[in-house]
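# Results of the structural survey
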Amino acid sequence: MLVHAVRAMAAAEAVQVIVVVAPPEGAAEVRALLDSHEAPGTAGVTTVTVVPGGESRQESVRLGLAALPDDVDVVLVHDAARPLVPVGTVEGVVEAVRAGAPAVVPGLPLADTVKSVEPATGAVTGTPQRALLRAVQTPQGFDRAVLAKAHATVTEDVTDDASMVEQLGLPVRVVPGHEEAFKVTRPLDLVLAEAVLARRRGHDR
Ligand SMILES: Nc1ccn([C@@H]2O[C@H](COP(=O)(O)OP(=O)(O)OP(=O)(O)O)[C@@H](O)[C@H]2O)c(=O)n1
Ligand SMILES: C[C@](O)(CO)[C@H](O)COP(=O)(O)O
């Protein structure tokens, strides 16, 4: 998945530097893995750096940020668990940041109705209006200074970087996400990922 995720990011013309944040004890293994798999279509990529991660997701992002060259002013934070994000989605996020948005997330409308619940009892506490909800994906794009400030300010655990920017009171914009940017988390997701890859290989022939 990591190799596919790196390839997906590298395919975007705007992406010039990739920092892979690896499990601290696995950084050498990750480097070797990437070295043994060429990233085709590395349009504008100049470097792929691997750095050891931290104790938490946020700490790992902070370490990745610290490894970026000084001249990078737009940062994408991507999950290796979303290996099939199409290049158009990546480029859409970059364009929106370059157009002036401090933080940008790709998102899709929901097919399911969502309930909030009391986890201990399962009691439903509300039904948010579905039309107002979006399931957000990665890469999430940021003005670098904004992301750095968010990481220097917010200490509570969050599940995405954009919510840290929300906590700063700055606007976060949603741009169209893509079904193929789904997170490969459950066994069925792997089946779907194989099917998407098989279809893409078929189209390449
Ligand atoms: N020290 C850590 C811990 C986590 N992560 C990142 O945070 C994500 C979430 O980690 P975790 O909460 O452990 O959940 P997942 O492994 O993603 O599982 P789930 O999909 O159930 O959330 C990981 O995938 C990884 O990208 C990290 O970079 N550094
Ligand atoms: C960032 C994210 O992909 C947005 O949907 C998601 O929150 C990541 O969750 P994870 O548990 O860190 O994989």
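Residues numbered from 1 in each chain as written. Chains lettered and ligands numbered in written order. Predicted model: local features only at pLDDT ≥ 70, side-chain atom pairs only at ≥ 80, totals over all residues. Heavy atoms only, no water.

On to the pattern of salt bridges. Evaluation of the coordinates by the stated rule reveals 8 salt bridges. Among the ionic pairs, Asp-35 bridges to Arg-31, the shortest N-O distance being 3.1 Å. Residue Asp-35 and its partner Arg-31 are both found in helix α2 (residues 27-35); the two are separated by 4 residues, about one turn of the helix. On the basis of relative accessible area, Asp-35 is assigned to the exposed category, the value being 55%. Assessed through its relative accessible area of 28%, Arg-31 is described here as partly exposed. (Salt bridge = Lys/Arg side-chain N within 4 Å of Asp/Glu carboxyl O. Helix = DSSP H or I, 4+ residues; strand = E, 2+ residues; numbered from the N terminus. Buried < 20%, exposed > 50% of the residue type's maximum accessible area, 1.4 Å probe, protein only.)

The full set of residues close to ligand 1 is Gly-54, Glu-55, Ser-56, Arg-57, Ser-60, Lys-183 and Thr-185. The separation between a nitrogen atom of ligand 1 and a polar main-chain atom of Glu-55 is 3.3 Å. A distance of 2.6 Å separates a nitrogen atom of ligand 1 from a polar atom in the side chain of Ser-60. Coverage of ligand 1 by the protein chains reaches 37% of its 570 Å² of free accessible surface. Taken together, the residues of the shell around ligand 1 sort by class into no nonpolar, 4 polar and 3 charged. (Near = heavy atom within 4 Å. Polar contact = N/O pair within 3.5 Å; in protein donor to acceptor, adjacent residues only side chain to side chain. Areas by Shrake-Rupley, 256 points an atom, 1.4 Å probe, with all protein chains shown as cover. Nonpolar A, V, L, I, M, F, W, Y, C, P; charged D, E, K, R; others polar.)

Formed by 26 residues in total, the largest nonpolar core has its most connected members in Val-20 and Leu-34. Elements represented by at least two residues in this core include exactly α1 (2-10), β1 (17-22), α2 and α4 (87-98). The element that contributes the greatest number of residues to this core is α1, accounting for 6 residues. Those residues in contact with Val-20, other than ones at most four positions away along the chain, are Leu-2, Val-6, Val-30, Leu-34, Val-48, Thr-49, Val-50 and Val-51. Among the nonpolar cores identified, the runner-up in size contains 17 residues, and Val-105, Val-146, Ala-162 and Val-165 belong to it. (Core = buried A, V, L, I, M, F, W, Y, C linked by side-chain atoms within 4.5 Å. Contact = heavy atoms within 4.5 Å.)

With respect to spatial proximity, the complete set of residues near ligand 2 consists of Arg-57, Asp-79, Arg-82, Val-136, Thr-138, Thr-159, Asp-160 and Lys-183. Taking Arg-82, its side chain carries an N or O atom lying 2.9 Å from an oxygen atom of ligand 2. At 3.0 Å, a side-chain N or O of Lys-183 approaches an oxygen atom of ligand 2. Taking 360 Å² as the accessible area of ligand 2 by itself, protein coverage stands at 70%. Among the residues forming the shell around ligand 2, the class breakdown is 1 nonpolar, 2 polar and 5 charged.

Positionally, Pro-106 belongs in strand β4 (residues 103-108). Counting along the chain gives 28 residues from Pro-106 to Arg-134, while the straight-line C-alpha distance between them is 9.0 Å. With residues near it in sequence (within four places) discarded, Pro-106 still touches Thr-89, Val-93, Ala-135, Val-136, Gln-137, Thr-138, Pro-139, Gln-140, Val-174, Val-175, Pro-176 and Gly-177.

Side chains of Asp-70, Asp-71, Asp-73 and Asp-143 sit close together on the surface and give a patch of like negative charge. Along the polypeptide, Asp-70 turns up in the loop between α3 (57-66) and β3 (74-77). (Patch = residues over 30% accessible without salt bridge, like charges linked within 9 Å, V, L, I, M, F, W, Y side chains within 5 Å. Lys, Arg positive; Asp, Glu negative; His and termini not counted. Charge placed at Lys NZ, Arg CZ, Asp CG, Glu CD.)

Moving on, we get to the packing of α1 against α2. It is at 10 Å that the axes of α1 and α2 come closest, and there the two elements cross at 60 degrees. Between α1 and α2, the interaxial angle falls into the category oblique. The element α1 and its partner α2 pack so that their crossing is right-handed. Along its contact with α1, which presents Leu-2, Val-3 and Val-6, the element α2 presents Val-30, Leu-33 and Leu-34. Among the residues making up the contact of α1 with α2, the classes are represented as 6 nonpolar, no polar and no charged. (Axes fitted to C-alpha atoms, helices over the stretch in contact; angles between N-to-C directions. Parallel < 35°, antiparallel > 145°, perpendicular 65-115°, else oblique. Left-handed = near helix turned anticlockwise from the far one by under 90°.)

This next bit is on unusual backbone geometry. A cis geometry characterises the amide bond from Thr-138 onward to Pro-139, with omega recorded as 10 degrees. Looking at the element boundaries, Pro-139 is found in the loop between β7 (135-136) and β8 (140-143).

A separate point is the environment of Ile-18. As for its position among the elements, Ile-18 is in strand β1. In this structure, the C-alpha to C-alpha distance between Ile-18 and Leu-197, residues 179 residues apart in sequence, is 22 Å.

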